[in-house]
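What follows is the residue order along each chain.
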Amino acid sequence: MLLDLINYKISEEIMNNDLLVGKPLPNFELKTSNNNLLKDTDLKGKLKLIFIYPKNDTSGCTKENILFSENIKEFNKLKIYLFGLSKDTVESHIKFIKKHNLKIELISDPDIKLITKLGSWVKKSMYGKEYMGVERSTFLVDQNNIIMETWRKVKVNGHVEKVLNSCKNLID
């Protein structure tokens, strides 16, 4: 409970100040669905888009992953590497990718370290109960690992198109 409160305070501070645009991508070292260890330093020199979603195989998250996968060629044309990020395990990611024929690499953050650093571990409420959970968010990060653009409190419908159009405008 105390850890949740500390994580919430960190996330709340980042969210309220919206300090991430223009700041470096936080340091991380996490496993991916390809069973590779991915570090923030591995991503230098590449444009990347990281979308955070709550949970594999739930309706909204599945739809979002499928939509990003369906548009991967458009992101590839812009030389943008796509990554999905959730607190699911690598094993869960592998099953999720196979089940839905996804074309993107998924990053596993079971200890919610990067998710928290990106301000996406937030207080939520459902049916009058408050709890900590993942907020659907997307981040465009430049070749120097500087965050260029953020999308918060994402609604799945229309999001991929919105992000793609924004990326085209930013990169042109």
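For the structure itself, look to the data block above.
Residues numbered from 1 in each chain as written. Predicted model: local features only at pLDDT ≥ 70, side-chain atom pairs only at ≥ 80, totals over all residues. Heavy atoms only, no water.

Chemist: Break down the pattern of salt bridges for me, with residues and values.
Modeler: As enumerated under the stated definition, the model contains six salt bridges in all. Of the charged contacts, one joins K99 and D57 as a salt bridge, the two residues approaching to 3.4 Å between their closest N and O atoms. Of this pair, K99 sits in helix α4 (residues 90-100) while D57 sits in the loop between β3 (47-52) and α2 (59-70), and the two are 42 residues apart along the sequence. We classify K99 as exposed; its relative accessible area is 58%. On the basis of relative accessible area, D57 is assigned to the partly exposed category, the value being 39%. The salt bridge partner of K77 is E74, with a shortest N-O separation of 3.2 Å. Of this pair, K77 and E74 both sit in helix α3 (residues 72-77), separated by three residues, roughly a single helical turn. Residues joined in a network through salt bridges with shared partners are E74, K77 and K168. (Salt bridge = Lys/Arg side-chain N within 4 Å of Asp/Glu carboxyl O. Helix = DSSP H or I, 4+ residues; strand = E, 2+ residues; numbered from the N terminus. Buried < 20%, exposed > 50% of the residue type's maximum accessible area, 1.4 Å probe, protein only.)

Chemist: A description of the sheet that holds strand β4 (residues 80-86) should follow, citing residues and the corresponding values.
Modeler: Note: strands within a sheet are paired through backbone hydrogen bonds, in either parallel or antiparallel orientation. Ordered in space as β5-β4-β3-β8-β9, the five strands form an open sheet in which the pairing is mixed. Every interior strand has two partners, whereas the edge strands, β5 (105-108) and β9 (147-151), have only one. In this sheet, adjacent strand axes meet at a mean angle of 20° when their direction is disregarded. Contacting β4 and β5, α4 crosses the sheet at an angle of about 155° to β5. Relative to β9, helix α6 (residues 159-171) is tilted by about 155°, and along the sheet it contacts β3, β4, β8 (137-141) and β9. (Pairing = 2+ DSSP bridges. Axes fitted to C-alpha atoms, helices over the stretch in contact; angles between N-to-C directions. Contact = heavy atoms within 4.5 Å.)

Chemist: Can you break down the pairing of strand β7 (residues 129-134) residue by residue, with the values?
Modeler: Bridging between strand β6 (residues 121-126) and β7 involves six bridges; their strand directions are antiparallel. Counted as the bridge partner of S125 is E130 from β7. The turn joining β6 and β7, which pair antiparallel and follow one another in sequence, is formed by two residues; a positive phi near 50° is taken by Y127.

Chemist: Kindly report on unusual backbone geometry, identifying the contributing residues and their values.
Modeler: Non-glycine residue K79 carries a positive phi angle of around 60°. Within the fold, K79 resides in the loop between α3 and β4. Backbone geometry at N101 places phi at a positive 50°, although glycine is not the residue there. Residue position: N101 is located in the loop between α4 and β5.

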